[in-house]
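# Close look at the chain arrangement
These are the residues of each chain, in order.
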Amino acid sequence: DFADFVRRAGRAGLTVDIEDFDASDILIGSQEDLRRTFAAFPELGHVLDTGNYLFWTNDVLRAQREFASRIRHVHVKDRAKDDVTRSVAAGTGIIPVKKILTGLQSANYNGWLTVECFGSTNMWDDVRRSAEWFKRSSDLGNSYGQLNYALALQRGEGVGISLCCLVGSLAC
């Protein structure tokens, strides 16, 4: 069963993390779903997807604070102002990306950030614009130290293009 899987992973030095998904045909996606799941499986970590809480009309900043100790990876996703189902370059949509990153810093998060443009009408341009946004956001750089970034292009059916960043001094 799942509980046994999570325990075996822990004994092997691995973590099992769950993302807040943005689809109505899944078992776990909303903040309430995650709350119940984390209560049932205390060892689980969280992959915070900044754009997916909007699907459930949950407040991503509230979810970030509630689950701060569980966050092990972050998908930085922004959503279009005119179509919240569409992803756009980080910092250009309606998701409070800067506030989220500042909140992560306050919670001493020092892990991976993956800029996810899955669902964008032009993923390549949005990945580039996301990289430029991170470079221009010098206050984020000053807050986090050096943000090293690399383009990680994944092509194939159902696979998006990502920009991955590591907070700190290591490159991905």
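Residues numbered from 1 in each chain as written. Predicted model: local features only at pLDDT ≥ 70, side-chain atom pairs only at ≥ 80, totals over all residues. Heavy atoms only, no water.

From N to C terminus, the protein chain includes six helices and eight strands. For the protein chain, the N- to C-terminal ordering of α and β elements is α-β-α-β-α-β-β-β-α-β-α-α-β-β. Expressed as a percentage of its 172 residues, the buried residues of the protein chain come to 45%. Within the protein chain, counting contacts between residues at least 6 apart in sequence, those at least 24 apart form 64% of the total. As displayed, the protein chain has an accessible area near 9100 Å², and 51% of this comes from carbon and sulfur atoms. (Helix = DSSP H or I, 4+ residues; strand = E, 2+ residues; numbered from the N terminus. Buried < 20%, exposed > 50% of the residue type's maximum accessible area, 1.4 Å probe, protein only. Contact = heavy atoms within 4.5 Å. Areas by Shrake-Rupley, 256 points an atom, 1.4 Å probe, with all protein chains shown as cover.)

Moving on, we get to the pattern of salt bridges. Enumeration over the complete set of coordinates arrives at 12 salt bridges. Across the pair Arg 36 and Glu 32 runs a salt bridge whose closest N-O atoms are separated by 3.5 Å. Of the two residues, Arg 36 and Glu 32 are both situated in helix H2 (residues 31–40); the distance of four residues between them amounts to about one turn of the helix. Classification of Glu 32 by relative accessible area gives partly exposed; the value is 36%. Two residues, Asp 126 and Arg 129, come together in a salt bridge whose shortest N-O distance is 3.2 Å. With Asp 126 and Arg 129 both in helix H5 (residues 123–136) and three residues apart, this pair spans about one turn of that helix. On the basis of relative accessible area, Asp 126 is assigned to the buried category, the value being 6%. What emerges from the salt-bridge pattern is a single network uniting Asp 22, Asp 49, Lys 77, Arg 79 and Glu 116. (Salt bridge = Lys/Arg side-chain N within 4 Å of Asp/Glu carboxyl O.)

Okay, the side chain of Glu 116 next. Along the chain, Glu 116 falls in strand S6 (residues 112–116). A polar atom in the side chain of Glu 116 sits 2.9 Å from the side chain of His 75. Leaving out residues up to four positions away in the same chain, Glu 116 has contacts with Glu 19, Asp 49, His 75, Val 76 and Lys 77. (Polar contact = N/O pair within 3.5 Å; in protein donor to acceptor, adjacent residues only side chain to side chain.)

Taken residue by residue, the protein chain gives an average pLDDT of 79. The fraction at 70 or more is 80%. With pLDDT under 50 throughout, residues 142–172 is counted as low confidence; its partners more than four residues away or in other chains account for 76 contacts. (pLDDT = per-residue confidence, 0-100.)

Walk down a regular strand and you will see the side chains alternate between the two sheet faces. A large share of S6 lies buried, amounting to four of its five residues. Alignment of strand S3 (residues 71–76) against S6, held across three bridges, turns out to be parallel. Looking across to S6, one finds that Val 76 is bridged to Val 115. (Pairing = 2+ DSSP bridges.)

Moving on to the side chain of Gln 31. With respect to the helices, strands and loops of the structure, Gln 31 is situated in helix H2. Among all residues touching Gln 31, those that are not within four sequence positions of it are Tyr 53, Asn 58, Asp 59, Arg 62, Ala 63, Glu 66 and Phe 67.

Here we take up the environment of Glu 32. It is 9.6 Å that separates the C-alpha atoms of Glu 32 and Ala 63, two residues lying 31 residues apart in sequence. A distance of 2.4 Å separates the side chain of Glu 32 from the side chain of Arg 35, its partner in a polar contact.

For the rest of this paragraph, the subject is the nonpolar core. The biggest cluster of nonpolar side chains holds 31 residues, and the ones touching the most others in it are Leu 48, Val 74, Val 76, Leu 101, Leu 104 and Leu 113. Of all the elements in the fold, those that place two or more residues in this core are helix H1 (2–11), H2, helix H3 (60–66), S3, helix H4 (97–106), S6 and H5. It is H4 that contributes the most residues to this core, four residues altogether. (Core = buried A, V, L, I, M, F, W, Y, C linked by side-chain atoms within 4.5 Å.)

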